[in-house]
Each structure stands twice: as C-alpha cells, then as structure tokens.
Amino acid sequence: MTTTESRPHERVELAIGGMTCASCANRIERKLNKLDGVTASVNYATEKASVEFPVGLRVQDLVSAVEAAGYEATPPSTDDSPPAGTEHGGDLGLRLSIAVALGLPVVVLSMVPVLQFPAWQWFSLALASTVVWVCGWPFHRVAAVNLRHGASTMDTLVSMGVVVSYLWSLYALVFGGAGMIGMTHEFSFVPRPSATTDVYLEVAVGVTAFLLLGRWLEARSKRSAGAALRALLALGAKDVAVLRDGREARVPVASLRVDELFVVRPGERIATDGVVVEGGSAVDSSMVTGESVPVEVGVGDAVVGGTVNVGGRLVVRAAKIGADTQLARMASLVEQAQAGKAEVQRLADRVSAVFVPVVLGLAVLTLGTWLLLGRPVEFAVTAAVAVLVIACPCALGLATPTALLVGTGRGAQLGILVKGPEVLESTRRVDTVVLDKTGTVTEGRLALVDVVTADGVERADLLRVAGAAEDGSEHPIAAAIVRGAGAEVGELPGVTDFRNREGLGVTAELDGRAVVVGRPRLLAEHGVELPDGLRAALAESERAGRTVVAVAVDGKAHGLLAVTDVVKPTSAAAVRQLRALGLRPVLLTGDNAVVARAVAAQVGIDAADVVAEVLPAEKVDAVRDLQARGRVVAMVGDGVNDAPALAAADLGLAMGTGSDAAIEAGDLTLVRGDLLVAADAIRLSRRTLAVIRGNLFWAFAYNVAGLPLAALGLLNPMLAGAAMAFSSVFVVTNSLRLKRFRPTAT
C-alpha cells in the first residue's frame, strides 16, 4: 500500500482572492490541509497560499477546494495578469469615496442637534441605506458566503454590527417615536440609555466608512510593504542583443541559451549571469547585491543578471539562464521567506481561529446581561454591537506577515536573503559566531604585501626580476608576485631557460643574469646565503604568518617578497559590530596556528578564540563542541567544505560569493562577500522580530482593552469601528518602519 508520505510531492503557490482577515486565511488553510497528503500555509498579507501536494493530485483540485470554501484561487501563470482579488482595489476606493460623501452628513446631523432640521432622520435614512447596502456590500457578501459554509470571520462581526444598528434604527423610525417630525437627539460617546426615540444610523455609516478606510489604507500599506520584492522581480532585462552567426539580433531574454554570446551596451541591464569575454566596464550591482560603488569588470570576470553596465561595451557569455540565475534564486528565496510563518504568528493564527466564535458568544452574553440588569433594549443592543465591531482580529493576522514582507524585502535590497521566518527566532538566541577564515574574513587569494631589498638594490629592479621569473609559473604564490610586480613596474620582460622546481621555486635567465626565486633552501642550493638583515626580516614575516620568497641574481641575495591572504578591508569593523550585538567571534580555519593568530589579531579576535589546523570534516566537530558547551552558534562561511558546518550551526550565514552547497546549507545568504553584511543581517533579523513582537503586543492589547469597555457599555460602536480599523493600519505602518533600516557605514 502506497502512503502519501512515500509519494513524491510538488509545490505550488496560489494567488488567493476574497480574503478580508486572518480568519479567512485560517479557513482556507484548514480546507486545503484536509486534502490527503497536502500541507498548506496561507498568508493573508501576501494573499498567497503555499501548497505542497502529492504527485497525482491536480492543481485544479486545490483551486476547487479554495473555491468550495467561498474564495477565489488562481494557479501560477506565465502572463502578467494580476492575481485574484487585486482588480477590486479601484472598486474599494470608489466605495470609500461614496461612503464618506454620503455618510459624513449623517454623522454630522446625528452629532450636532442645532443642524437637525425637520425630517432630518428620514434624510439620514436615505443616505445611510446607500452606505450600508451599496458601500458595505463586500462585508455582507462575504458574511453570507461564510454563513452558507457554516463559518464566521471578521466580516461576520462587521456585517452583524452594521446590520443590527441599521435595522434597529429602521425599527425606531417606523414603529417607535424616532420618526416623529421635529425629533432631535445628541451624540454620545457611550450607548444612549433612552427609549425607542433614538436612531443609530451614524453607527451604521460610521462603522462602514471607517472599515472601508482601514481596508483601503491597509491595501496601500501592504502594497508598499511588498514593493522591494516587486522591484527585485522587475530587475530582469526584457530583451537582449545576442550574437548569432556573427551578427547582433535583439531577441526576448527567454530565448537566450547557455553559452550564447550577447552584447551589453552602456546603460543597459545585463540580461543574465555570465562571464565577460570581450571589453571592460564598470557594473552597478546596487539593486542586486546592495554594493553602492560600481565594480570594474574585464575579460574573465563574472557578471550577474539584472546589474547595469555603466561604462563601456561588453560581450558576455551566458552561464546561467531562467530560474538558475542569481536574481531568480534571490527572488525565490525572498518569496519563500515571506510565505512562511514564524512561531509567534502560528500562536496568533490559533487565537484568531477561535476568536470570532468567542466574540459572537460574548456579544450575546453582553446583550443578555444588560437586559437582565434592566437596562433598555437599545442600550443592550448597542453595547453588543460595540463588542462585535471592536473585536475583529485583523491586526493579529497582519502583525507578522507585513513585518516579514518589509523586512525580507529590505534585506533583499541590501544583499541579505532570509530563508524563512523561523530564522528570525534563531538570531535572537545566538551568542557565538564562528567565522571561516579563507574567503570570509580574508580575500581568499594571496597578495604581495611586503618587499624587503638587500643593500644597494632598487625596489623596482627586485620586483621586475622576480615578476619576470615567476611569470612562467602557475603556482598561487607566483601569481600573487606577478600581480603585485606588474601593478608597480608595468609590463614584465620575458625570460629564457625557465625551470620550475616543484615546491621550492623557479630559476630563469633575464638579460644574461641568472635569477633564482623561491624558498631560502633553493637559494642555498645555488650557493646563496641571506645576509643578517634579510634573515631578520624573514623571521619577522614568518612570525606574522606570511609566506616569504627570496630572490637572488647572479649568486647574490637581492631581497625578500612576502605574500599572504589579505584580510578584507571591512572584516575588522564587522568583528566590532558582531561584538556590539553581544556575539563572541571565533575564527575557524584549516591554516596553521601562526597564520590564524595573525589574522585574528588584525581583525580583533582573541587568540583564545582561534581554532586552527582543522580538516574540513572537523569544522562540524568544532561547531558541535561549542554547542555542547552551551553556546548558541552562528556560522559564517563560503566554501563547499563549510556546508556541513553551516547546516550543523544553529544559524548558518552563507556568503553568496561562495559555493552553491554553502548557500543551500545556510539560513541567511549574504549576496556580497562582505563580512560586515553578516552583522547587518543579524541586526535586520532582530529588528524584524522586534517589530513582529511589538505588532502582536499592540494587537492583543487593543483587543484586551477594547472588549471590556465595549461590553461594559462604555464605547460607542462608531468609535469602536474607528479603533478597529486604525489598529490594522497601525500594525502595517509600524512594519513599514523597517524600510528605513540602514546598513552599517564602513
């Protein structure tokens, strides 16, 4: 027998239309999860359902399940049509405009007796009828749909509150004394304890208008919250100038194939990830990596799709296309993070799932209690309406998703990709950060850092001789010397009789002179002894963890060249930032202890926190050893050999400039190879988590404070509607503060 667990699964995102609150999202989620083998998460803020389902189940089956619950669902498509429900944005604005235009006279007349002309109440009824049944129709329609399915949501509470206020007013006008010409009454901040001479039309129109305003502002704010992701998705080029048969042809970017050559002119976006094969330029990658300064690129350099060529003409060979590109993977990671739910949100979801039935019961209890206490029916009804209106759990449903929308979107702009909301919880608990040395703290390639000449030898001559001799070698040390020498003296001359001594160095002839470049042992084999001054410099460089190369010409020592893996310019500042966040930095490397301690000293890591000479497989053991000592560990790395340690750590931060394996294993991806971004990532994650917690606190506090006031008859339903509407707006606007997050200045 085959179970759903053993069958392969697929994943799809459905655009959901018709949701009006978190209760709607919970209902759809429960409906989908009842399907055999389906795991679904519905996000009210993004209006999407992320569904994992077994192969064999059709996407249309998922759509049908959503529609059976009374909502709309749109499967993924390749066209640019808006998702379900988005076409109603203009309709919402129109309803709000009409509600304000017609509802304002009703509220003013109800609040100011001096303006209450004869038959004002009947005039108010005509205006209120349009507001309640035309402008407020979306609330009543959804409430009716939910009632048909035996469910209740926020719209149930709103619709009941508005309809009860309207029908009570209609009853008072037709059957009570409120319809008498010349009748007046004053506005009260609490329910009026009078007989059937009062109308509550201002409550019906006020609640409707306030809720429409709140929903309109909420929609605008949610759109602003998701602006960063939309900007990221819009970065891709639409067409590209491909070189085919020696001629340029402008084609849609979707038709570009791997290994094809394409041209990028100044001002154009690079169509896809690739390698420059011709030309040189500066590339602005600020929208993709967060790097504010354009980067110079030339032949052999990798470029990223979506970045802008700001200099000369480039010819690029396509390396990755479609979903494999860095931009597409970034967008996918951000969407996944925004679709997920943090643990704190799951608590809010559980609360809002039972909240509406509880509030309905509380409203009935409020009505019955006041009637038993002998208060007038209209007072009891109004208090019950206030309970219905103020208790809507919208703010609870928006607390987490909107903060995630803004936080992850802002992170993407800065080159920080969060894999999921659960990562935010991890950043709060981390107290130790393990830093891989090579490629993370250091540049990951050797560079010439010091030149010491023998007496009577010019620096330029030493570099020219050494660079020319090493130019024939492929060793990383030789490459560092050639780059450093070429940068100082320009073009290097050719040599003859070049010979490579494996593990020792090289020998060659230059302008009739015999040149030896390599370890002091190689010079000794050629009868060359280092003078005392060079010996002292050699010992000092080796103590600093540098690799030293000696140079001799015609049997005489000419000088020393020191190379090392250079520390990145921002690493020391990054370590300071990590300490300021309460984290203890630990340096982890396979290099020898001397080199490791030298690097640690440069960036401000204590010698006691250096773990050196570890094999790749032992990096995991180092992380687990710290965890065994009670530490909550974050790991920052970029290599294939870092992937197991990144996965073992409580929080893995992968450098986006590193291997795919490391990126897949990490919880946070840092698109730039800059350790300073790691500190920014933790700061942003903690800030986002703090906003989520703040949102949830105020959402709960609002309900805890408002419900008793309403039940005790101390709150006019219209004011309750205003408070409920603006509680949702407050949560969303509070989340929008994350858009102002700024990275650490270097």
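Bear in mind that the values here come from a model prediction, so they are computed numbers and not experimental data. (Residues numbered from 1 in each chain as written. Predicted model: local features only at pLDDT ≥ 70, side-chain atom pairs only at ≥ 80, totals over all residues. Heavy atoms only, no water.)

**Considerations on the overall build of the protein**
For clarity, the cut-off: Counting from the N terminus, the helices are DSSP H or I runs at least four residues long and the strands are E runs at least two residues long. Here the term buried applies to any residue with accessible area under 20% of the maximum for its type, exposed to any over 50%, and partly exposed to those in between, with areas from a 1.4 Å probe on protein chains only. In what follows, a contact means two residues having at least one pair of non-hydrogen atoms within 4.5 Å. Here the accessible surface of atoms and residues is derived via Shrake-Rupley with a 1.4 Å probe, and residues count as covered only by protein chains that are part of the display.
Scanning the protein from N- to C-terminus turns up 26 helices and 26 strands. For the protein, buried positions account for 52% of its 746 residues. Restricting to contacts in the protein with at least 6 residues of sequence separation, those with at least 24 account for 70%. Summing over all exposed atoms, the protein offers an accessible surface of approximately 31700 Å²; the carbon and sulfur share of this is 57%.

**A closer look at the UniProt feature "transmembrane region" (unreviewed entry) in the protein**
For the record, the criterion: UniProt positions are given in the numbering used here, feature names are shortened, and annotations may be inferred rather than shown by experiment.
Under the feature "transmembrane region" (unreviewed entry), the UniProt entry names residues 92–113, 119–137, 157–179, 199–217, 351–373, 379–406, 690–712 and 718–736. A distance of 28 Å separates the end C-alpha atoms of residues 157–179, which is 78% helix and 0% strand.

**Examining the packing of aromatic side chains**
For any pair of aromatic rings, geometry is given as the distance between the ring centres together with the angle between the planes. Here is the rule we go by: The aromatic pairing rule takes the rings of Phe, Tyr and Trp, using the six-membered ring of Trp, and pairs them if the centres are within 6.5 Å, calling planes under 30 degrees apart stacked, those over 60 edge-to-face and the rest tilted. Whether a charge lies above a ring is judged from NZ of Lys or CZ of Arg, which has to be within 6 Å of the ring centre and within 35 degrees of the ring normal.
Counted under the stated rule, the structure contains seven aromatic pairs. Between W370 and F379 the ring centres are 5.1 Å apart and the planes differ by 90°, which places this aromatic pair in the edge-to-face class. W370 sits in the buried class, given a relative accessible area of 13%. Residue F379 is classed as buried on the basis of its relative accessible area, which comes to 4%. Taken together, W168, Y171 and F175 form an aromatic cluster joined through their ring pairs. Over the ring of F379 we find R375, and its NZ or CZ is 4.3 Å from the ring centre.

**A look at unusual backbone geometry**
A positive phi angle is found at D259, which is not glycine, with a value near 80°. The residue D259 is located in the loop between strand 6 (247–252) and strand 7 (261–264) in this model. At D497, a residue that is not glycine, the phi angle is positive and equals roughly 50°. Within the secondary structure layout, D497 lies in strand 17 (residues 496–501).

**Observations regarding the pattern of salt bridges**
Rule in force here: What counts as a salt bridge is simple: a side-chain nitrogen of Lys or Arg found within 4 Å of a carboxyl oxygen of Asp or Glu.
All chains considered together, the criterion is met by 26 salt bridges. Measuring nitrogen to oxygen at the nearest pair gives 2.9 Å for the salt bridge that ties D91 to R95. In this pair, D91 and R95 are both assigned in helix 3 (residues 89–111), four residues apart and thus about one turn of the helix distant. When its relative accessible area of 17% is taken as the criterion, R95 is described as buried. The salt bridge partner of E488 is R459, with a shortest N-O separation of 2.6 Å. In this pair, E488 is assigned in helix 17 (residues 476–489) and R459 in helix 16 (residues 459–470), connecting sequence segments 29 residues apart. Under the relative-accessibility criterion, R459 is labelled partly exposed at 38%. When salt bridges with common partners are traced through the structure, they connect E248, R265, E278 and R313 into a single cluster.

**A few points about helix 5 (residues 137–148)**
Applicable threshold: Any helix carries an expected span of 1.5 Å times its number of residues minus one.
For helix 5, spanning twelve residues, the distance from its first C-alpha to its last is 16 Å, which sits close to the expected 16 Å at 1.5 Å a residue. Here helix 5 has its buried residues at F139, H140, V142, A143, V145 and N146. One or two positions beyond helix 5, positive phi appears at G150, with a value near 70°.

**Here's the deal with the sheet that holds strand 10 (residues 295–297)**
The line we're drawing: Note: two strands are recorded as paired if DSSP finds a minimum of 2 bridges between them.
Strand order in the open sheet formed by three strands is 10-9-12, and the pairing between neighbours is antiparallel. This sheet does not close on itself; its edge strands, each paired only once, are strand 10 and strand 12 (308–309). Bridge count between strand 9 (residues 281–284) and strand 12: two bridges; the pairing is antiparallel. Within the sheet, the bridge partner assigned to D284 lies in strand 12 and is V308.

**Digging into the environment of G306**
Along the polypeptide, G306 turns up in the loop between strand 11 (302–303) and strand 12. C-alpha of G306 to C-alpha of D273: the two residues are 33 residues apart in sequence and 8.4 Å apart in space.

**Focus: the environment of G713**
Residue placement: G713 occurs in the loop between helix 25 (675–711) and helix 26 (717–736). Between the C-alpha atoms of G713 and A386, which are 327 residues apart in sequence, the distance is 8.1 Å.

**Considerations on a positive patch on the surface**
Our working definition: Patch rule: a residue counts if its relative accessible area is over 30% and it has no salt bridge; like charges are joined within 9 Å, and nonpolar side chains (Val, Leu, Ile, Met, Phe, Trp, Tyr) within 5 Å. Positive: Lys, Arg. Negative: Asp, Glu. His and the chain ends are not part of the count. Each charge is placed at NZ for Lys, CZ for Arg, CG for Asp and CD for Glu.
Residues R687, R737, R740 and R742 make up a contiguous surface patch of positive charge. You can see R740 is positioned in the segment after helix 26.

**Some thoughts on a nonpolar patch on the surface**
Nonpolar side chains collect at one region of the surface, where L104, V108, M111, V112, V114 and L115 lie side by side and expose about 510 Å² of accessible area between them. Along the chain, the position of L115 falls in the loop between helix 3 and helix 4 (120–135). Under the relative-accessibility criterion, L115 is labelled partly exposed at 42%.

**Comments concerning the sheet that holds strand 2 (residues 39–43)**
Rules: Lines fitted to C-alpha atoms define the axes here, with helix axes fitted over just the stretch in contact, and angles between the N-to-C directions of these axes take values from 0 to 180 degrees.
Read from one edge of the open sheet, four strands run 2-3-1-4, paired in antiparallel fashion. Each end of this open sheet is capped by a strand with a single partner; those strands are strand 2 and strand 4 (72–74). Geometrically, the sheet is characterised by an average inter-axis angle of 30° between neighbouring strands, direction not taken into account. Here helix 2 (residues 59–68) sits on the sheet and contacts strand 1 (9–17), strand 3 (48–54) and strand 4; the angle it forms with strand 1, its principal contact strand, is near 35°.

**Observations concerning the confidence of the model for the protein**
The line we're drawing: Confidence scores here are pLDDT values: one per residue, from the predictor, ranging 0 to 100.
With 84% of its residues at a pLDDT of at least 70, the protein reaches an overall mean of 81. Low pLDDT (under 50) marks residues 1–5, which in the prediction has four contacts with non-local residues, meaning those over four places away or in another chain.

**Re the packing of helix 4 against helix 5**
Keep this limit in mind: Orientation labels follow simple angle bins: below 35 degrees gives roughly parallel, above 145 gives roughly antiparallel, 65 to 115 gives roughly perpendicular, and whatever is left gives oblique. The classification used treats Ala, Val, Leu, Ile, Met, Phe, Trp, Tyr, Cys and Pro as nonpolar, Asp, Glu, Lys and Arg as charged, and all other residues, Gly among them, as polar.
Two numbers describe how helix 4 lies on helix 5: the axes approach to 5 Å, and their chain directions differ by 45°. Comparing their axes, helix 5 and helix 4 come out oblique. Within the contact between the two elements, helix 4 uses V132, W133, V134 and C135 and helix 5 uses W137, P138 and H140. Residues of the contact of helix 4 with helix 5, tallied by class, amount to six nonpolar, one polar and no charged.

**A word on helix 20 (residues 571–580)**
For helix 20, every residue scored as buried is listed here: S571, A573, A574, V575 and L578. Close packing links the buried residues of helix 20 with strand 15 (432–436), helix 15 (437–441), strand 21 (556–567), strand 22 (584–588), helix 21 (593–603) and helix 25. Trailing helix 20 by a residue or two, G582 shows a phi angle of about 85°, which is positive.

**Quick look at the nonpolar core**
A general trend in soluble globular proteins is that nonpolar side chains are found buried together. Applied cut-off: Think of a nonpolar core as a cluster: buried Ala, Val, Leu, Ile, Met, Phe, Trp, Tyr and Cys residues, connected wherever their side-chain atoms sit within 4.5 Å.
Within the largest apolar cluster, 52 residues are counted, with the highest numbers of intra-cluster contacts made by L201, L212, V387 and I390. The set of elements that each furnish at least two residues to this core consists of helix 3, helix 4, helix 6 (154–174), helix 7 (201–225), helix 11 (343–372), helix 12 (377–390), helix 25 and helix 26. A per-element tally of this core places helix 7 first, with eight residues. With residues near it in sequence (within four places) discarded, L212 still touches L92, R95, L96, A99, C135 and F139.

**What to know about the pairing of strand 7**
Across three bridges, strand 5 (residues 239–244) lies against strand 7 in antiparallel orientation. Residue L243 lies in a different strand from strand 7, and its bridge partner there is L261. Two strands pair when backbone bridges link them, and strand 7 and strand 13 (residues 314–318) are joined in this way by four bridges, in the antiparallel orientation. Across the sheet, residue V263 finds its bridge partner in strand 13, namely V315.

**Topic: the side chain of D565**
For clarity, the threshold we go by: Any pair of N or O atoms that falls within 3.5 Å is considered a polar contact. Within protein, one atom must be able to donate a hydrogen and the other to accept it, and sequence-neighbouring residues count only if both atoms are side-chain atoms.
Take D565: it is sitting in strand 21. Taking the relative accessible area as the measure of exposure, D565 reaches 11% and is therefore buried. Side chain to side chain, D565 and T442 meet in a polar contact 2.5 Å long. Among the polar contacts listed, one links the side chain of D565 to the backbone nitrogen of E443, at a separation of 3.4 Å. Among residues more than four places away in sequence, those in contact with D565 are K437, T438, T442, E443, G444, R445 and L446.

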